[in-house]
Structure formats: C-alpha cells, structure tokens
Amino acid sequence: DDMQADFLTESIFEEIQTTADTFSKMKESLINYRDTLSEKEEIHRAITSTANDAIVMMDDRLCVSFWNPAAQRMFGYSSGEVLGRDLHQLLAPSSYFPRYSKGLSIFRESGEGEFIGKTIELTAHDKEGEEFPVEISLSKLKIKGKWHALAIMRDITERVNSENIKKRLAHD
C-alpha cells in the first residue's frame, strides 16, 4: 500500500510539475508577445507622430478614426475635435458631396472606389474654411470585416503656385 501511495504521490507531483512548466512557458510567451506588441506600437506612434504628411483614417461609418499631428497642423483641428466625426463634412468642399456620396456607399460595401490605390489632387478646407489644394494618396484596409480608408495628405499650395507662375511666364 505504501508503494502504491508513493507511486500515486510521485505521479501527482510530476503532473503538477508538468503543468507548472507549461504555465511558465505560457507566461514567458505572453511576456514576449507583450514586449513585441509594445515595440510595434512605439514604432507606429513614432512614424505617425513625426510624419510631415497628414495621416487620416476613416472608419466604416465614414468618420475619422485616426488623426496624426501633421493633420492637426494642416487642418487646424485637434484629434479630439475630429475623432468620430464625418471626415468629408470636416474637410471637403460641399461641391464634392454628391460625387462622394455615391462613391462612399460603394466603398463601404466592397472596399472599391474610383480613387482607392491612387494619388489624386483635390481641394480641401481647414477649420477656418480656407480652401487649399492637397495631394491625397488613398488606400483601403479591412478591420473586423469592415472597410476603412487611409489617406496620406500633403498641402501642395506652394507647388500649385509655382506651376501657375511658370504657366504665366510661359504665356508672356
């Protein structure tokens, strides 16, 4: 009986040790995952906060879901003022709305759109209502099964002014 009890006790201790070793490996794996995730978040923050171009993301409800510091400098809105608000109501001239409405309903369903994957020049306006030309590079991404749009925007006022001066000089 003592031998059987010793064997049973030893077997239980081995099982407990195996379980403890498994938990220890799981803990180590979770710590490594957390550290990797933390590093990736730090890289993401560094890139988006130091970029010279505005980086803006629109969610599936057509609202601003990401707004970097360059977007704040370009448009005059803080992230707190824009997050959750309709992107196009904030930045696009009203003359664009009919065309946007049609295109955005298609985009929400399929992720497809006339300007997705392209770089285009449009007019935008800032918080004060001042219109200016922008270059926008548009991409799509699917998050939790829903389409989102990512725009990288650049104020091209200086370039457009230079081009206009060159055209005028060429005509004189």
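Preceding this paragraph is the structure being described.
Please read all numbers here as calculations on a predicted model, not as lab measurements.

### Regarding the sheet that holds strand S2 (residues 64-67)
What the 5 strands build is an open sheet, ordered S2-S1-S5-S4-S3; its pairing is antiparallel. One side of each edge strand has no neighbouring strand; the edge strands of this open sheet are S2 and strand S3 (119-125). Within the sheet, the average angular offset between the axes of one strand and its neighbour, ignoring direction, is 35°. Taken together, the 10 bridges between strand S4 (residues 131-143) and strand S5 (residues 146-155) define a ladder with antiparallel strand orientation. Along S5, the bridge assignment pairs Leu141 with His148.

### Quick look at the side chain of Asp59
As for its placement among the helices and strands, Asp59 is situated in the loop between strand S1 (54-58) and S2. For Asp59, a relative accessible area of 7% puts it in the buried group. Engagement of the side chain of Asp59 in a polar contact is seen with the backbone nitrogen of Arg61, the distance being 2.8 Å.

### Quick notes on the pairing of S2
In the sheet, S1 pairs with S2 via 3 bridges, with the strands oriented antiparallel. Residue pairing across strands places Met58 opposite Val64, the latter belonging to S2. Hairpin geometry of S1 and S2 is characterised by an intervening segment of 5 residues between the two adjacent antiparallel strands and by a positive phi of about 70° at Leu62.

### Let's talk about the packing of aromatic side chains
Per the stated rule, a full pass over the model turns up 2 aromatic pairs. Note on Trp67 and Phe75: the rings are 5.8 Å apart at their centroids and 40° apart in plane angle, and the pair reads as tilted. There is no split in this pair, since Trp67 and Phe75 are both buried. On the basis of an interplanar angle of 40° and a centroid distance of 5.6 Å, the ring pair of Phe75 and Phe132 is categorised as tilted. Taken together, the residues span a long stretch of sequence, with Phe75 in helix H2 (residues 69-75) and Phe132 in strand S4 at a distance of 57 residues. Classification of Phe75 as buried rests on a relative accessible area of 1%. Put simply, the rings of Trp67, Phe75 and Phe132 touch in pairs and so form one group of aromatic residues.

### A short note on unusual backbone geometry
Glycine aside, a negative phi is what most residues show, and trans is what most peptide bonds show. Despite not being glycine, Leu62 shows a phi value in the positive range, around 70°. Mapped onto the secondary structure, Leu62 falls in the loop between S1 and S2. The exposure class of Leu62 is buried, given its relative accessible area of 14%. Backbone geometry places Lys144, a non-glycine residue, at a positive phi of 50°. Residue placement: Lys144 occurs in the loop between S4 and S5. Since its relative accessible area comes to 83%, Lys144 is described here as exposed.

### Some thoughts on the pattern of salt bridges
Summed over the entire model, instances satisfying the criterion amount to 9 salt bridges. Here Asp60 ties to Lys146 by a salt bridge, and the two come within 3.8 Å at their closest N and O atoms. One end of the pair, Asp60, is in the loop between S1 and S2; the other, Lys146, is in strand S5, and 86 residues separate them in sequence. When its relative accessible area of 44% is taken as the criterion, Lys146 is described as partly exposed. Salt bridges here are not isolated pairs; linked through shared partners, they connect Glu121, Glu135, Arg159 and Glu163.

Rules behind the numbers
In every chain, residue numbers begin from 1 and rise along the written sequence. Only residues with pLDDT of at least 70 are given local features in this predicted model, and only at 80 or more are side-chain atom pairs given and counted; all residues enter the totals for whole chains, interfaces and linings. Hydrogens and water are ignored here; the side-chain numbers use all heavy atoms of the structure. Two strands qualify as a pair provided DSSP detects at least 2 bridges between them. Helix and strand assignments follow DSSP, with helices taken as H or I runs no shorter than four residues and strands as E runs no shorter than two, numbered in order from the N terminus. Every axis in this analysis is a line fitted to C-alpha atoms, fitted for helices over the stretch in contact. Angles between the N-to-C directions lie between 0 and 180 degrees. Buried, partly exposed and exposed residues are distinguished by accessible area as a fraction of the type maximum, computed with a 1.4 Å probe on protein chains only: under 20%, between the cut-offs, and over 50%, respectively. In protein, a polar contact means a hydrogen-donor-capable atom and an acceptor-capable atom, both N or O and within 3.5 Å, with residues adjacent in sequence counting only if both atoms are side-chain atoms; elsewhere, any N or O pair within 3.5 Å suffices. Two aromatic rings, drawn from Phe, Tyr or Trp (for Trp, its six-membered ring), form a pair once their centres lie within 6.5 Å of each other, and the interplanar angle then sorts them: stacked below 30 degrees, edge-to-face above 60, tilted otherwise. The term salt bridge refers to a pairing of a side-chain nitrogen on Lys or Arg with a carboxyl oxygen on Asp or Glu at a separation within 4 Å.

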